[in-house]
Amino acid sequence: MKFYYELKHICKQSNARYGVLHTPHGDVETPIFMPVGTLATVKTVSPEELYAMNAQIILSNTYHCWLRPGEKVIANAGGLHGFMHYQRPMLTDSGGFQVFSLAKNRKISEEGVTFKSHLDGSTLFLSPEKSIEIQNKLGADIIMSFDECPPYPCDYEYMKNSIERTLRWAKRGKEAHHNDNQALFGIIQGGEFKDLREYSAIETVKLDFDGYAIGGTSVGESKPVMYKMIEDAIPYIPKNKPRYLMGVGTPEDILEGVLRGIDMFDCVLPTRIARHGAIMTSTGKINIRDKKYEYDLSSLDSQCHCYTCQNYTKSYLRHLYKCDEAFGKRLLSIHNLHFLLDLTAQIRKAIQEDRFLDFKKEFLEKYGKGKPTTLVK
RNA sequence: GGGAGAGUAGCGAAGUGGCCAAACGCGGUUGACUGUAAAUCAAUUCCUGAGGGUUCGGCGGUUCAAAUCCGUCCUCUCCCA
């Protein structure tokens, strides 16, 4: 079954859209948050737990799976789905983010990127073709074009050269992609430069991908800059294609993204900060380590229906955290993931009922730190 | 009864005349984390009116200066009887 996106409804109050991604492993309702499972695992959480929290699609990563265990091992097990015992839709990132996050260990050339392995120092070469080839073997439903995620801040000339090269890489990757069961998304870059964002968007769309991502976000820029990056690119992305804001994020950023017409989000934040004791709740972020929860027999969030909140107290979760128990990290990860998944579920409902703006306002008022919300349209 | 050794901040443990309010680790208290080199990193941790004040088992001494040297007492550990 071939991938396609179905736009179902645009909220009458904003650009927020409700739609469905049809993939070989099932449908995904959008807007959606995608938990990140870099090394073929959403850290500490089982597939069954992901199903239970209604995760519809998760991410994995080309670079990391390429290094360990290697794409051959994964292909041998029937791709990521078989390997991980996970049967819902999946997306793999191309390794483009590692061009940013592992910048100290890599060198970019026209041909591709030479990495010095962060594991053993060996020299590795990732090209657009190689990234696609690996992703073909990993077998995710959606794969990403190999790009350079440029640093922030970044000067204009560097950014211009970078996006031109990323466009050439996008073309090469598309030509190397020969699996009709996998959708291929292009990635729009351009940093904070409006003209470069627009140019990158226009040229990437010309290559005709199954969906479009906005990249180079959440790399240190301020929130207004990030929101502007979205606004600069969105008008050039066809309405009948899904839009994916890469590496985002926080509840506020997801709401701001949806407001501007984003359909897909992914972020390590919920799982990472859970392992570090930080918890997202309907009334704001808390840290379970804090002493004030020592005797607190309430759940993390009275509004939450996740497994953790149904069964465990803050007092107990604090104990697990302070003892560095793996079960604590798992329970906190389940909660944070559930929180963002539930947020996107509420968002979808609000959009269908043409009250997304009202929902956004109500949510942020309760969540606190309700940053200034720019109204669009 | 005889002999040897040891007592340092919440705990462990450096320091053995001035550079010591005292390394370091743990523990405690907080903060950060946005396509995961992150079960990580950072701050803080004697009291304080922030000027200082009171500390290194207790007390007394030597010295310009003591956690560090001397005397004495207390406590603990080990060995011999």
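Residues numbered from 1 in each chain as written. Chains lettered and ligands numbered in written order. Predicted model: local features only at pLDDT ≥ 70, side-chain atom pairs only at ≥ 80, totals over all residues. Heavy atoms only, no water.

A. Representation of the pattern of salt bridges. What the rule picks out here adds up to 28 salt bridges. With its nearest N and O atoms 3.6 Å apart, the salt bridge here joins K8 to E6. Look at the salt bridges and you will find they share partners, linking E71, K130, E133 and K137 into a network. (Salt bridge = Lys/Arg side-chain N within 4 Å of Asp/Glu carboxyl O.)

B. Quick look at the sheet that holds strand β1 (residues 4–10). Judged by pairing direction, the sheet is antiparallel, and its three strands sit side by side in the order β1-β2-β3 without closing on themselves. A strand with exactly one partner marks an edge of an open sheet, and here the two such strands are β1 and β3 (26–30). Averaged over all neighbouring strand pairs, the angle between strand axes comes to 15°, with direction disregarded. The sheet contact formed by strand β2 (residues 17–23) and β3 spans five bridges and is antiparallel. Looking at β3, one finds that T23 is bridged to G26. (Pairing = 2+ DSSP bridges. Helix = DSSP H or I, 4+ residues; strand = E, 2+ residues; numbered from the N terminus. Axes fitted to C-alpha atoms, helices over the stretch in contact; angles between N-to-C directions.)

C. How the structure looks around the protein's contact with RNA strand B. Around RNA strand B there are 45 residues in total, and C149, S218, V268, R275 and K322 lie nearest to it. The share of sugar and phosphate among atoms of RNA strand B within 4 Å of the protein is 46%. With respect to RNA strand B, the side chain of Q98 contributes an N or O atom lying 3.3 Å from a sugar or linking oxygen. Separating a base nitrogen of RNA strand B from a side-chain N or O atom of R272 is a distance of 2.7 Å. The dominant element in the surface near RNA strand B, judged by the number of residues it contributes, is helix α11 (residues 269–275), at five residues. For the surface near RNA strand B, the class distribution of residues is 13 nonpolar, 16 polar and 16 charged. (Near = heavy atom within 4 Å. Polar contact = N/O pair within 3.5 Å; in protein donor to acceptor, adjacent residues only side chain to side chain. Nonpolar A, V, L, I, M, F, W, Y, C, P; charged D, E, K, R; others polar.)

D. Focus on the environment of S127. Position of S127 among the secondary structure elements: in the loop between β9 (123–126) and α6 (128–138). For S127, a relative accessible area of 8% gives the class buried. For the pair S127 and S109, spaced 18 residues apart in sequence, the C-alpha separation works out to 9.5 Å. With residues up to four places along the chain from it excluded, the contact list for S127 reads E111, G112, F146 and R172. In this structure the side chain of S127 is engaged in a polar contact, spanning 3.0 Å, whose partner is the backbone nitrogen of K130. (Buried < 20%, exposed > 50% of the residue type's maximum accessible area, 1.4 Å probe, protein only. Contact = heavy atoms within 4.5 Å.)

E. Fine view of the confidence of the model for chain A. When the pLDDT values of chain A are averaged, the result is 95; 98% of them are 70 or greater. This stretch, residues 370–377, has a pLDDT under 50; its non-local contacts, to residues over four places away or in other chains, come to 20 contacts. With pTM at 0.92, the complex prediction returns an ipTM value of 0.91. (pLDDT = per-residue confidence, 0-100.)

F. Examining helix α13 (residues 314–322) more closely. By the burial criterion, the buried members of α13 are K314, L317, R318, L320 and Y321. Buried positions in α13, seen along its axis, are confined to an arc of 160° and lie on one side of it. Contacts made by the buried residues of α13 are with α11, β16 (284–287), α12 (307–311) and α14 (326–352). Positive backbone phi, approximately 60°, marks D324, located one or two places after α13. (Arc of directions from axis to C-beta.)

G. Here's a closer look at the nonpolar core. In this structure, L50, L91, I142, Y244, M264, I347 and F356 are the most contacted members of the largest nonpolar core, which totals 95 residues. Per-element accounting of this core gives the leading share, nine residues, to α14. The next biggest cluster of nonpolar side chains, apart from the first, holds 15 residues, and it includes A274, L300, Y312 and L317. (Core = buried A, V, L, I, M, F, W, Y, C linked by side-chain atoms within 4.5 Å.)

H. Main features of the sheet that holds strand β8 (residues 113–116). Pairing is antiparallel across the open sheet formed by three strands, whose spatial order is β7-β8-β9. Each end of this open sheet is capped by a strand with a single partner; those strands are β7 (106–108) and β9. Direction aside, the axes of adjacent strands within the sheet are offset by 20° on average.

I. Region of interest: the pairing of β16. Both strand β15 (residues 278–281) and β16 contribute to a ladder of four bridges, which runs antiparallel. Residue pairing in the sheet places T281 in a bridge with G284 of β16. Taking the residues that link successive antiparallel strands as the turn, the β15-β16 hairpin has two residues.

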